[in-house]
Amino acid sequence: MTKLGLPETIRACLFDLDGVLTRTAVVHAAAWKETFDDFLRRREGEGFRPFSDEDYDTYVDGLPRADGVRSFLASRDIHLPEGSPADGPERETVGGLGNRKNELVLKKIREEGVEAYEGSRRYLAAVRAAGLRTAVVSSSANCRDVLVSVDMAGLFDVRIDGVVARERHLPGKPKPDTFLEAARELDEPASACAVFEDALAGMDAGRAGGFGYVVGVDRVGQADALRSHGADVVVTDLAELEDHA
């Protein structure tokens, strides 16, 4: 293992954004809960079963926005019209609910701000100082703006986010395509890349893509689940990788 806590064969690092680099996973979870609880309350009345943390981890976390809508609603045996990505947030369509969630995320980010994990910032600096190339791979369409807000946009050679995935018709996590696209742009085989993820869908993508090392970042007490979904190692903060090297 290198001083970065990675195998010697690793030449590039592919980082998820929310929950790995920035504390925005909790913002997304809160926005999803508000969106789905409001929808379910209007559909089923006050006796509805609320959206839970377990629902977020199982059906939504790490997925592209529309996939998250479909996945959770299917778990409740609810199937909405697809609508359009341009649907207004008041529309009861997959596109409409997804846009409602995004409006809430942007509102929360404006009001509460965004914070980067300092351990992740230090680790990323160490990765680049060691000469490894870096990419951010996120299902978020707001990835670039979030990185700019925490002064991290210049720390990545490649960005594959929700906008890029849509333009290139790349399926999102748990499919490995977005991570594989980042490796391709870095001109490295998957076997020479490490994936850093906090979501179970991201673990699945890292393992399915045949990546050389998969790091699970446990922010919410799901270390066992991260391991069962393919993590080679699980840490609560990226700085631990240097401590364990």
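Scoring rules and cut-offs
Residues numbered from 1 in each chain as written. Predicted model: local features only at pLDDT ≥ 70, side-chain atom pairs only at ≥ 80, totals over all residues. Heavy atoms only, no water. Helix = DSSP H or I, 4+ residues; strand = E, 2+ residues; numbered from the N terminus. Buried < 20%, exposed > 50% of the residue type's maximum accessible area, 1.4 Å probe, protein only. Contact = heavy atoms within 4.5 Å. Salt bridge = Lys/Arg side-chain N within 4 Å of Asp/Glu carboxyl O.

Quick word on the environment of V137
Residue position: V137 is located in strand β2 (residues 133–137). Judged by relative accessible area, which is 0%, V137 ranks as buried. Sequence separation of V137 and G172 is 35 residues, and the distance between their C-alpha atoms is 10 Å. The residues contacting V137, other than those within four sequence positions of it, are L14, F15, D16, L17, I160, K173, T178, F179 and A182.

Details of the pattern of salt bridges
For the structure on display, the rule yields 26 salt bridges. R70 is the salt-bridge partner of E82, the closest N and O atoms lying 2.8 Å from each other. Placement of the pair is E82 in the loop between α3 (65–75) and α4 (94–112) and R70 in helix α3, with a sequence separation of 12 residues. Among the residues examined, E82 registers a relative accessible area of 41% and is labelled partly exposed. For D87, the salt bridge goes to R91, with nearest N and O atoms at 3.6 Å. Relative accessible area serves as the criterion here: at 10%, D87 is assigned to the buried category. What makes R91 partly exposed here is its relative accessible area of 40%.

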